[in-house]
Amino acid sequence: EADIYQTPRYLVIGTGKKITLECSQTMGHDKMYWYQQDPGMELHLIHYSYGVNSTEKGDLSSESTVSRIRTEHFPLTLESARPSHTSQYLCASNRPGETQYFGPGTRLLVL
Amino acid sequence: KNEVEQSPQNLTAQEGEFITINCSYSVGISALHWLQQHPGGGIVSLFMLSSGKKKHGRLIATINIQEKHSSLHITASHPRDSAVYICAALEGGSEKLVFGKGTKLTVNP
C-alpha cells in the first residue's frame with residue numbers, strides 16, 4: 001500500500017478564496033507530481049518536482065503554484081479560486097524508473 | 001488526436017468473461033503503465049512494462065513496441081474488477097506520463 005496522503009479529500013469553497021492542497025509521502029521519493037482530472041476525462045500533468053527546491057510546470061496550463069521545501073511535502077496553492085478550478089487533483093510520487101504511486105485525490109468545488 | 005488512445009471507452013461484461021482492453025500510442029516511450037481507478041477516485045498502478053508480457057493474478061499486460069500497442073487482459077472477470085482502466089505512456093527521457101481517457105469496465109454478476 002502506498003504511503004502518500006492528500007488533504008483535504010473534499011473541499012467546497014467560494015470564488016476568490018486562497019486554498020492550499022496538501023500532499024505528503026513517507027517513501028522518500030524524490031519525484032513528485034500534481035495531476036488535474038475533470039470527470040470522465042484523462043489526467044493532465046500540471047506540476048512536477050525532481051527534488052527539494054525543484055519545481056516545473058506540466059503540460060496543462062494551470063494558475064496554481066507549488067513548492068518543494070521538504071522531500072516528503074509538495075503542496076499546491078491557488079491564490080484566488082475560480083469555478084473553472086473545479087476538478088479532482090491527484091498527487092503522485094516515485095523513484096526514477098519506477099512506477100508512480102498515487103494519493104487518494106482532492107475533489108475541489110469552487111462556487 | 002490524443003497521443004494515447006484506448007478502446008473501448010466503455011465495456012460491460014458478465015462475471016467470468018475474458019476481458020481485453022487495448023491501448024495505442026504515438027509518442028516514443030520508455031515504458032507503458034496500466035492503472036486502475038475506482039469510483040472513489042484513487043488510482044492504483046497495475047503494471048509498468050517496456051517489453052513482452054507481465055502477469056499478476058488474473059491480470060495480464062502485453063506490449064508490442066514495434067506496433068506501439070498494448071493490451072490489458074482480465075481472465076475470469078469479477079464484479080470487483082469494475083473500475084476505469086487507464087493506459088499511460090511514459091515519454092522517453094522525460095519521466096512524464098501521457099494518459100489515455102480510460103476504459104470504464106462494468107462486470108455484472
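Here, every reference points to the structure presented above.
Residues numbered from 1 in each chain as written. Chains lettered and ligands numbered in written order. Predicted model: local features only at pLDDT ≥ 70, side-chain atom pairs only at ≥ 80, totals over all residues. Heavy atoms only, no water.

A. Representation of the overall build of chain B. Each helix and strand counted, chain B has 0 helices and 11 strands in total. Traced from its N-terminal end to its C-terminal end, chain B shows the element sequence β-β-β-β-β-β-β-β-β-β-β. Over its C-alpha atoms chain B spans a radius of gyration of 13 Å, differing by no more than 12% from the 13 Å that the globule rule assigns to 109 residues. Expressed along its principal axes, the backbone C-alpha trace of chain B runs to roughly 45 × 25 × 20 Å. (Helix = DSSP H or I, 4+ residues; strand = E, 2+ residues; numbered from the N terminus. Rg over C-alpha atoms; globule rule 2.2 N^0.38 Å.)

B. Here's a closer look at the packing of aromatic side chains. In total, this model carries 4 aromatic pairs over all chains according to the counting rule given. What links up through ring pairs into an aromatic cluster is the set Tyr33, Tyr35 and Phe102 of chain A together with Phe99 of chain B. The ring of Phe74 of chain A is capped by Arg68 of chain A, whose NZ or CZ atom sits 5.8 Å from the centre of that ring. (Phe/Tyr/Trp six-rings, centres within 6.5 Å; stacked < 30°, edge-to-face > 60°. Lys NZ or Arg CZ within 6 Å of the ring centre and 35° of its normal.)

C. Just the pattern of salt bridges, in detail. As enumerated under the stated definition, the model contains 5 salt bridges over all chains in all. The closest approach of N and O atoms between Arg70 of chain A and Glu72 of chain A, which form a salt bridge, is 3.1 Å. Of the charged contacts in the structure, one is a salt bridge between Arg58 of chain B and Asp81 of chain B, with a shortest N-O distance of 2.9 Å. Placement of Arg58 of chain B in the loop between β6 (52-56) and β7 (59-64) and of Asp81 of chain B in the loop between β8 (69-74) and β9 (83-91) is noted, with a sequence separation of 23 residues between them. Residue Asp81 of chain B is classed as buried on the basis of its relative accessible area, which comes to 5%. (Salt bridge = Lys/Arg side-chain N within 4 Å of Asp/Glu carboxyl O. Buried < 20%, exposed > 50% of the residue type's maximum accessible area, 1.4 Å probe, protein only.)

D. Representation of unusual backbone geometry. Cis peptide bonds are those with omega within 30 degrees of zero, and the linkage from Thr7 of chain A to Pro8 of chain A qualifies with -10°. By the secondary structure assignment, Pro8 of chain A is in the loop between β1 (4-7) and β2 (10-13). At the junction of Ser7 of chain B and Pro8 of chain B, the peptide bond is cis and its omega measures out at -5° in the coordinates. On the secondary structure map, Pro8 of chain B appears in the loop between β1 (4-7) and β2 (10-14).

E. A look at the sheet that holds strand β3 (residues 19-25) of chain B. Residues and elements named next belong to chain B. Reading across from one edge, β1-β3-β8-β7-β6 is the order of the 5 strands in this open sheet, with antiparallel pairing throughout. Of all strands in the sheet, those bounded by a partner on one side alone are β1 and β6. Direction aside, the axes of adjacent strands within the sheet are offset by 15° on average. (Pairing = 2+ DSSP bridges. Axes fitted to C-alpha atoms, helices over the stretch in contact; angles between N-to-C directions.)

F. Broad picture of the environment of Ser61 of chain A. Relative to the assigned elements, Ser61 of chain A resides in the loop between β6 (54-57) and β7 (65-66). Along the backbone, Ser61 of chain A and Leu45 of chain A are 16 residues apart, and their C-alpha atoms lie at a distance of 9.0 Å.

G. Expanded view of a nonpolar patch on the surface. All names here are of chain A. On the surface, Val12, Leu109 and Leu111 cluster together into a nonpolar patch covering about 290 Å² of accessible area. Position of Val12 relative to the elements: it lies in strand β2. Judged by relative accessible area, which is 55%, Val12 ranks as exposed. (Patch = residues over 30% accessible without salt bridge, like charges linked within 9 Å, V, L, I, M, F, W, Y side chains within 5 Å. Areas by Shrake-Rupley, 256 points an atom, 1.4 Å probe, with all protein chains shown as cover.)

H. Expanded view of the interface of chain A and chain B. Between chain A and chain B, the residue contacts involve 24 residues of the former and 19 residues of the latter. Surface buried jointly by chain A and chain B totals about 1600 Å² across both partners, of which 49% is contributed by carbon and sulfur atoms. In terms of surface lost to chain B, no three residues of chain A exceed Glu42, Leu43 and Phe102 of chain A, which account for 29% of the buried area on that side. Across the chain A-chain B interface, the total number found is 1 salt bridge. Two residues, Asp59 of chain A and Lys96 of chain B, come together in a salt bridge whose shortest N-O distance is 3.2 Å. (Contact = heavy atoms within 4.5 Å. Buried area = accessible area lost by both parts, 1.4 Å probe.)

Interpretation in functional terms is not warranted from these geometric data alone.
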